[in-house]
Amino acid sequence: MTGTAAPSLPSRMRAAVWRGPGRPLTVEELPTPRVEEPGDVVIRVRAAMFGAALVRAVTVGHPRLSPPAVLGTLVVGDVVETGAAVQHLKPGQRVTLDPHPPCGHCDNCRDGLQALCSTKISISPGAHAEYVRIRPPVATHARPVPPGVSAGEALLTEIVACVLDATHTAGIGPGQDVLVIGCGPVGLIQVQLARLRGAQRVFCSVNHPGRRHLVHQAGGIPVAAEDLSAEHMAVLTAGRGPHVVVEAVGSAATYASAFEVVRDGGTVVGFGGCPSGTTIPLDLNAVHYRRIRFVGSYHYAPGVFEEAARLLETGQIDLKSLLTHRIPLDRIADAVATARRPDCLVPVVEP
Ligand SMILES: [Zn+2]
């Protein structure tokens, strides 16, 4: 069924295997995945994400994962083999993947809610391996990485797309004051995108003093996390409060702060995912009389992944400073500890 293949593909590969919550990831030899169906593509992995969601999955598990498993859904790599029906990719091309493209035919997709596609398409086995096989629609949506964009930067396309979608949802625009709560990779990307959309001042709450310079570098104004009060934010915004507050931490306390500091008629964006069951008391009269808009943001609409890729391609966003740590596959056992270091923003597995 193979269309084109690299003749030298080894029969076995190294992969990081997860054997259950709390157990260390181990490097094991597995059969190299090969093209089986006409739409399949095999990729030599060059960069794979080890973000906060994976740290949670490795340490406490995930309802959709059962060990043993090779984890990792965000991947950039080089095409090494394509099925007979694959026309848009050739061996040797470096590609970035939209890891959860919409199926196009579930109820949510038909309602125009592709971000909430109920077909849980993913890469299986995962990307923490030397090779990965992808199938349609992931293979169909694979996008060549343009020259000048590194594998690590291209790996962040999906995260930029999620943040870009939040920016659209919030209606961030020229002249606005924006507050981003959270100074992780998402927060720092949000600061850049808000500035790109013309926001006048973009404040970003900082709970690691070491990240103040990163907020400045992103074009934002750092605010100490303990200063997130309505009074303090009013002082910084001519007495009004921010037009838009993006919550990108995922805790009850920071969601509550978002409602306190937003200006009358402003928008609170729920970007941060909380532990399940998290609730906050909300003064509904304040929401009503102050006309506060609260919108959730999760994943992205069709076309936004491509829009994010163009931002990278045209150099309108800096992602280099976020790529703080590299993890060779041989050191995968240290990945959780590396990802938890206070100076770690984006840890990239390089098999
Ligand atoms: Zn769908």
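Bear in mind the structure is a predicted one, so any value in this text is a computation, not a measurement.

Rules of the game
Each chain has its residues counted from 1, following the order in which its sequence is written. In keeping with the predicted nature of the model, local features appear solely for residues at pLDDT of at least 70, side-chain atom pairs appear and are counted solely at 80 or more, and the whole-chain, interface and lining totals rest on all residues. Excluded from the side-chain calculation are hydrogens and water; included are all heavy atoms of the structure. Accessibility here uses a 1.4 Å probe with only protein chains present; expressed as a share of the type maximum, an area under 20% marks a residue as buried, one over 50% as exposed, and anything in between as partly exposed. Segments assigned H or I by DSSP are reported as helices when at least four residues long, segments assigned E as strands when at least two residues long, and all are numbered from the N terminus. What the arc measures is the spread of directions leading from the helix axis to the C-beta atoms. Contact criterion: two residues are considered in contact whenever any of their non-hydrogen atoms come within 4.5 Å of each other. Donor selection uses N, O and S atoms within 2.8 Å of the metal (3.2 Å for Na, K and Ca). Since no water is included, sites may look incomplete. Just to be clear on the cut-offs, tetrahedral is four donors with all angles between 85 and 135 degrees, square planar is four donors and octahedral six with opposite donors over 155 degrees apart and all others between 65 and 115, and anything else goes down as irregular. An automatic or database domain assignment supplies the residue ranges for each domain. When two parts are put together, the accessible area they lose, computed with a 1.4 Å probe and summed over both, is reported as buried area. Each reported salt bridge corresponds to a side-chain nitrogen of Lys or Arg within 4 Å of a carboxyl oxygen of Asp or Glu. Any N or O atom pair separated by 3.5 Å or less is treated as a polar contact, with the protein-specific requirement of one donor-capable and one acceptor-capable atom, and with residues adjacent in sequence counted only for side-chain atom pairs. Residue polarity is assigned by list, with Asp, Glu, Lys and Arg as charged and Ala, Val, Leu, Ile, Met, Phe, Trp, Tyr, Cys and Pro as nonpolar; anything else, Gly included, falls into the polar class. By convention a nonpolar core is built from buried Ala, Val, Leu, Ile, Met, Phe, Trp, Tyr and Cys residues, the set being connected through side-chain atoms within 4.5 Å.

Novice: Break down helix H1 (residues 52–60) for me, citing the residues and quoting the values.
Specialist: Regarding H1, the residues found buried are Leu 54, Val 55, Ala 57 and Val 58. One side of H1 carries all its buried residues, which in axial view fall inside an arc of 165°. The outward face of H1, more than 90 degrees from its buried face, is lined by the exposed residues Ala 52, Ala 53, Arg 56 and Val 60. Residues of H1 that are buried make contact with strand S4 (41–49) and helix H11 (335–340). Just downstream of H1 lies Gly 61, where phi reads positive at about 90°.

Novice: Account for the coordination of the zinc ion, with residues named and values stated.
Specialist: At the metal site, the zinc ion is ligated by Cys 103 (SG), Cys 106 (SG), Cys 109 (SG) and Cys 117 (SG), and these contacts range over 2.3 to 2.4 Å. Its four donor atoms give the zinc ion angles of 101 to 118° at the centre, a pattern that matches the tetrahedral case. Spacing between the donor residues of the zinc ion along the chain follows C-x2-C-x2-C-x7-C. Across the pair, exposure class does not vary: Cys 106 and Cys 109 are buried alike.

Novice: Any details on the domain arrangement of the chain? Residues and values, ideally.
Specialist: Note: interface size is frequently given as the accessible area lost on complex formation between the parts. By domain assignment, the chain separates into domain 1 (2–156 + 323–350) and domain 2 (160–296). Taking only C-alpha atoms, the centre of domain 1 and the centre of domain 2 are 31 Å apart. Counting from both sides, the interface comprises five residues of domain 1 and, opposite them, eight residues of domain 2. In total, domain 1 and domain 2 occlude about 460 Å² of area from one another, counting both sides; carbon and sulfur atoms represent 65% of this. It is Leu 156, Pro 342 and Leu 345 in domain 1 that bury the most area against domain 2; as a group they hold 88% of the surface buried on that side. Summed over the shared surface of domain 1 and domain 2, the result is zero salt bridges. On inspection of domain 1 and its partner domain 2, the count reaches three residue pairs in polar contact (both at pLDDT 80 or more). When grouped by side-chain class, the residues that make up the side of domain 1 that touches domain 2 number five nonpolar, no polar and no charged.

Novice: Account for the pattern of salt bridges, with residues named and values stated.
Specialist: All told, the structure shown has 18 salt bridges when counted by the stated rule. When the shortest N-O distance is used, the salt bridge between Arg 326 and Glu 350 registers 3.4 Å. One end of the pair, Arg 326, is in strand S15 (residues 325–328); the other, Glu 350, is in strand S16 (residues 347–350), and 24 residues separate them in sequence. Judged by its relative accessible area of 30%, Glu 350 falls in the partly exposed class. With its nearest N and O atoms 3.0 Å apart, the salt bridge here joins Arg 331 to Asp 334. Residues participating in the shared-partner salt-bridge network are Glu 36, Asp 40, Arg 133 and Arg 135.

Novice: Break down the nonpolar core for me, citing the residues and quoting the values.
Specialist: Among the nonpolar cores identified, the biggest contains 52 residues, and Val 160, Val 178, Ile 189, Leu 193, Ile 317, Leu 319 and Leu 322 are the most heavily contacted of them. Here this core spans two domains, since at least three of its residues come from each of domain 1 (2–156 + 323–350) and domain 2 (160–296). Residues contacting Ile 189, with those up to four places away along its chain left out, are Ile 159, Val 160, Val 163, Ile 317, Leu 319 and Leu 322. Listed in part, the 38 residues of the second largest apolar core include Leu 71, Cys 117, Ile 121 and Ala 139.

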